[in-house]
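# Topology and contacts: notes
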Amino acid sequence: MSDEPPPRRRFVDLSPLRASPAFARLWIGSAVSGIGAQLTIVAVGLQIYELTASTLAVGLVGGIALLPMIVAGIWGGMLADAFDRRRVLIVSAVVAWASTAGLVVLAAVEAGRDPAEADVWPFYVFTTINTVSATIMGATRTAVIPRLLPPRLVSRAAALGGIAIGAQLTVGPALAGVLVAAVGFPITFAVDVVLFSAGFLGIVSLPRLTPEGATTKPGLASIREGVAFLRRAPNIRMSFLVDIVAMTFGRPFVLFPAVGAVAIGGGPVTVGILTAAAAAGTFLASLFSGPVGHVRRYGVAIGRAIQLYGLFVAAFGLVVLGGVTGLFGPVGPSFGEASPVALTLAAVALAGTGASDEVSAIFRSTMLLTAAPDAMRGRLQGVFTVVVGGGPRLGDLYAGITATAIALWFPPLAGGLAIIALIAVLLRVQPSFRAYDAMHPTP
């Protein structure tokens, strides 16, 4: 591999797609199926809010799935380190597709019932199954990237992942808001079933991917190996911790149905716009990710990006505070009754959260993939997936509980300020994380 630095560029580097057709197919398939997954996440929240009118009930979608997701991340990582990763991907994808089909049937049954007689618990069951399978898929899919690409292209692949996520989070939620309002929940979930089928394209075309080196069967011995490695990996541990802080205190998405109903107005369409705004920030940050190849101090970059994330979350809280106190005038649940000023300000703040979070994600993902050996990547990606997926679910619980107990504006405003302070403390107490050098990756 040449030691010459990569040419400077402003836009995202497409070299990984040209260098590996297998990676390109995997990236395209996951991008398309991810649009449907995000559509379903938003639609489930809207349906439960319609049935219960409770932000806490919406928050429980993530809370109930939290423990199964943690178990799935750990177990899925062990599976990825013990068996052919292509096979693990195929099995978990089939389960995820079936659980989405179950939501179609459930929504069709509930469509003809009185909301007062509706059963909410089946939605929790199907979304939990979907979360478990998606967690295993996510851990395994990311673990294969260093096998498909040379090390110098891993950070570029992470940036391309942000492009895909940005598209998913922009198109999926916006599509959910429009479809729910126009054709109802059953057809909305059915669209996800169709889009998810595209995910099989990238998976079935992968080569066989058995882990390199000695393997350990799933079980306590495999867990002990992973724990022992993490004890020797302070930088990877810190990358997990800072993300947990950001997602626990800076996850306002569960508030969107209530914000669209009483603070900003606009109902389901506003929910889709707000969710898409955060995704647009993610997409733009990835689109202009060319300079990431020249950053070496990953720990500093991660810390500063997360603090900026906290600032944007707090700004969103201020907009919600203004809305509930009548600063932007009267609002209502139809889109024509939304406050354009409040909606614009909230969307800008959320776009900022998406952009800053994506910068952090690029460096955290690259740190993990380049500093960890292949035989350990599945288990570490399992933990990483639990952190990335579990943090938002803790955030959903935090936001749902505090919004119900205190006020709708409190979770983002207080949480954003907490993020800024906590990250400053963590950067100070972990000097090796601040000193991390991408040219000499050490876990």
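Notes on the structure in this doc start here.

Cut-offs used in this document
Residues numbered from 1 in each chain as written. Predicted model: local features only at pLDDT ≥ 70, side-chain atom pairs only at ≥ 80, totals over all residues. Heavy atoms only, no water. Helix = DSSP H or I, 4+ residues; strand = E, 2+ residues; numbered from the N terminus. Buried < 20%, exposed > 50% of the residue type's maximum accessible area, 1.4 Å probe, protein only. Contact = heavy atoms within 4.5 Å. Areas by Shrake-Rupley, 256 points an atom, 1.4 Å probe, with all protein chains shown as cover. Salt bridge = Lys/Arg side-chain N within 4 Å of Asp/Glu carboxyl O. Core = buried A, V, L, I, M, F, W, Y, C linked by side-chain atoms within 4.5 Å. Axes fitted to C-alpha atoms, helices over the stretch in contact; angles between N-to-C directions. Left-handed = near helix turned anticlockwise from the far one by under 90°. Nonpolar A, V, L, I, M, F, W, Y, C, P; charged D, E, K, R; others polar. Patch = residues over 30% accessible without salt bridge, like charges linked within 9 Å, V, L, I, M, F, W, Y side chains within 5 Å. Parallel < 35°, antiparallel > 145°, perpendicular 65-115°, else oblique. Polar contact = N/O pair within 3.5 Å; in protein donor to acceptor, adjacent residues only side chain to side chain. Phe/Tyr/Trp six-rings, centres within 6.5 Å; stacked < 30°, edge-to-face > 60°.

To continue, consider the overall build of the chain. From N to C terminus, the chain includes 18 helices and zero strands. Dimensions of the chain along its principal axes, counting C-alpha atoms only, are 60 × 45 × 40 Å. Expressed as a percentage of its 443 residues, the buried residues of the chain come to 55%. Across the chain, every contact between residues at least 6 apart in sequence was considered, and the portion connecting residues at least 24 apart equals 88%. Of the accessible surface of the chain, which amounts to about 17,700 Å², a share of 69% is contributed by carbon and sulfur atoms.

Attention shifts here to the pattern of salt bridges. One pass over the full model with this rule turns up two salt bridges. Close ionic contact of Asp243 with Arg364 constitutes a salt bridge, the shortest N to O distance being 3.2 Å. Separated by 121 residues along the polypeptide, Asp243 in helix H11 (residues 234–249) and Arg364 in helix H15 (residues 340–371) bring together distant segments of the chain. Overall, Asp243 belongs to the buried group, its relative accessible area being 3%. A relative accessible area of 4% means that Arg364 is categorised as buried. Between Arg251 and Asp396 there is a salt bridge, with the nearest N and O atoms lying 4.0 Å from each other. With Arg251 in the loop between H11 and helix H12 (256–263) and Asp396 in helix H16 (residues 374–405), this pair connects stretches of sequence that are 145 residues apart. On the basis of relative accessible area, Asp396 is assigned to the buried category, the value being 13%.

Next up on the list: the nonpolar core. Grouped together as the largest cluster of nonpolar side chains are 47 residues, with contacts concentrated most on Phe23 and Ile423. Mapped onto this core, the elements with two or more residues apiece are helix H2 (21–52), helix H4 (85–111), helix H6 (145–148), helix H7 (154–183), H11, helix H14 (298–324), H15 and helix H17 (410–429). Setting aside chain neighbours within four positions, we find Ile423 in contact with Val242, Val245, Gly303, Ile306 and Gln307. Counting 44 residues, the second largest nonpolar core, distinct from the first, contains Val61, Val271, Ala277 and Ala342.

Below, the discussion takes up the packing of H2 against helix H3 (residues 55–82). For the pair H2 and H3, the least separation of the axes is 8 Å and the interaxial angle reads 145°. Note that H2 runs across H3; the crossing there is right-handed. Here Val44, Gly45, Ile48, Tyr49 and Thr52 of H2 lie close against H3, whose contacting residues are Thr55, Ala57, Val58 and Val61. When grouped by side-chain class, the residues that make up the contact of H2 with H3 number six nonpolar, three polar and no charged.

Before going further, it helps to spend a moment on a nonpolar patch on the surface. On the surface, a nonpolar cluster with roughly 460 Å² of combined accessible area is contributed by Val91, Val95, Trp121, Val125 and Ile129. Contributing elements (two or more residues each) for the nonpolar patch: H4 and helix H5 (121–143). Looking at the nonpolar patch, the element that brings in the most residues is H5, giving three residues. With respect to the helices and strands, the residue Val125 is situated in helix H5.

Contact pair H11 / H17: the axes reach a minimum separation of 8 Å and the direction vectors enclose 160°. By the criterion of interaxial angle, the relationship of H11 to H17 is roughly antiparallel. When the axes of H11 and H17 are compared, the crossing they make is right-handed. Where H11 approaches H17, its residues Met238, Leu241, Val242, Val245, Ala246 and Phe249 are matched on the opposing element by Pro411, Gly415, Gly416, Ala418, Ile419, Leu422, Ile423 and Leu426. Considered class by class, the residues forming the contact of H11 with H17 number 12 nonpolar, two polar and no charged.

A few words on the environment of Thr282. As for its position among the elements, Thr282 is in helix H13 (residues 267–287). Here the alpha-carbon distance between Thr282 and Thr40, two residues 242 residues apart in the chain, equals 19 Å. Setting aside its immediate chain neighbours within four residues, Thr282 contacts Gly162, Ile165, Gly166, Gly354, Ala355 and Glu358. Polar side-chain contacts of Thr282 include one of 3.2 Å to the backbone oxygen of Gly354.

So, on to the packing of aromatic side chains. Pairs of aromatic rings are described using the distance from one ring centre to the other and the angle between the two planes. In this structure the tally under the stated criterion is seven aromatic pairs. Measuring from ring centre to ring centre gives 5.5 Å for Phe249 and Tyr398, while their planes differ by 75°; the resulting arrangement is edge-to-face. Pair noted here: Phe249 is in helix H11 and Tyr398 is in helix H16, with a separation of 149 residues, a long-range link. On the basis of an interplanar angle of 70° and a centroid distance of 5.8 Å, the ring pair of Phe256 and Phe316 is categorised as edge-to-face. Of this pair, Phe256 sits in helix H12 while Phe316 sits in helix H14, placing them 60 residues apart in sequence. In textbook terms, an aromatic cluster arises when at least three aromatic residues are bridged by ring pairs, as seen for Phe253, Phe256 and Phe316.

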